[in-house]
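Each chain, letter by letter, is given below.
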Amino acid sequence: MATQFKFGRGEIKLIVATLAFGMGVNKPDVRYVFHFSMPKSLANYYQESGRAGRDGLGALCVLFFAWKDRAIHQAMITDKTGRRGGAPKSQAAVDAELAALRAMTRFAADRARCRRAIVLEYFGERDFDPAAGCGGLPGRHAPRPRGCSCGAAGSAAASSSSRRGPRSRSSIARRLNR
C-alpha cells in the first residue's frame, strides 16, 4: 500500500500494477497505460485504458497483442469443469463472452481502422468527429485514417507474437522513468 500512496502523491513516477490494483488508480495525470496481454473485452479495455489522461492532457495506451491471448481467454470462457474458479455459466453467457472476445480480438488485430472509431462504434456511437483524436496506428503500422488526428490522446496497439518477459517490461520501465 505504501507504494500506491507514493504513486498517488507523485513521489514515484512509474508503477507496474495488476488489473486489480490498476483499477483502483484514481490519479488524473497518468500518461501511459500498457497492457502486456489483451483484455477479454473492449469494455474492459476501455475501462482500463481510461485510467490515463483524466486531466485532459495527452496520454497513451499501448496494447501488446499476441494470438495466444485470445486462446487463453477462450479457454477460460469455455471451461465448464469449474477448474478455473467461478460459478458455472449458461450457454448464453458463454456466447456473449465469446462475442465480446471476438470484438476485442478484431480491435487488437486491426492495423488500418481508426482505433477511436472502433471503440465508439462498439458502444453504439456513430456520430463523432474523427479529427478529435483517435490514437490510431500512425507511422509504420498503417497510414492515418482520413480525418483522423492520430497521435493525440488515445490508444495504439502493437501486434506481437514475441514472448513478453520481465526484460521487456523492465526496459520499458527504465525508459519511462527517465
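Criteria and thresholds
Residues numbered from 1 in each chain as written. Predicted model: local features only at pLDDT ≥ 70, side-chain atom pairs only at ≥ 80, totals over all residues. Heavy atoms only, no water. Helix = DSSP H or I, 4+ residues; strand = E, 2+ residues; numbered from the N terminus. Buried < 20%, exposed > 50% of the residue type's maximum accessible area, 1.4 Å probe, protein only. Contact = heavy atoms within 4.5 Å. Areas by Shrake-Rupley, 256 points an atom, 1.4 Å probe, with all protein chains shown as cover. Phe/Tyr/Trp six-rings, centres within 6.5 Å; stacked < 30°, edge-to-face > 60°. Salt bridge = Lys/Arg side-chain N within 4 Å of Asp/Glu carboxyl O.

Looking only at helices and strands, the protein chain features seven helices and three strands. Along the protein chain, from the amino end to the carboxyl end, the secondary structure elements read α-α-β-α-β-α-α-α-β-α. Among the 178 residues that make up the protein chain, the fraction classed as buried is 35%. Pairs at least 24 residues apart make up 58% of the contacts formed inside the protein chain by residues separated by at least 6 positions. Put simply, the protein chain shows about 10900 Å² of open surface, and 54% of that area lies on carbon and sulfur atoms.

According to the stated counting rule, one finds eight aromatic pairs in the structure shown. Residues Phe34 and Phe36 carry aromatic rings whose centres are separated by 6.3 Å and whose planes lie at 25 degrees to one another, so their mutual orientation is stacked. Among the residues examined, Phe34 registers a relative accessible area of 26% and is labelled partly exposed. Given the relative accessible area of 19%, Phe36 is considered buried. Ring plane angle 50 degrees and centroid distance 5.0 Å describe the contact between Tyr45 and Phe107, whose orientation is recorded as tilted. A residue pair is termed long-range when its members are at least 10 positions apart, and Tyr45 in helix H3 (residues 42–49) and Phe107 in helix H5 (residues 91–109) qualify at 62 residues. Accessibility expressed as a relative area gives 2% for Tyr45, which makes it buried. Three or more aromatic residues link up through ring pairs in this structure, and these residues are Tyr32, Phe34, Phe36 and Phe64.

Take the pattern of salt bridges next. Tallied over the full model, the rule gives four salt bridges. The partner of Arg31 in a salt bridge is Asp55, with the nearest N and O atoms 2.5 Å apart. Of this pair, Arg31 sits in the loop between helix H2 (19–22) and strand E1 (32–35) while Asp55 sits in the loop between H3 and strand E2 (60–65), and the two are 24 residues apart along the sequence. The residue Glu97 makes a salt bridge to Lys89 at a minimum N-O spacing of 3.3 Å. Here Glu97 falls in the partly exposed class, since its relative accessible area comes to 23%.

Function cannot be read off these values alone, since they describe shape.
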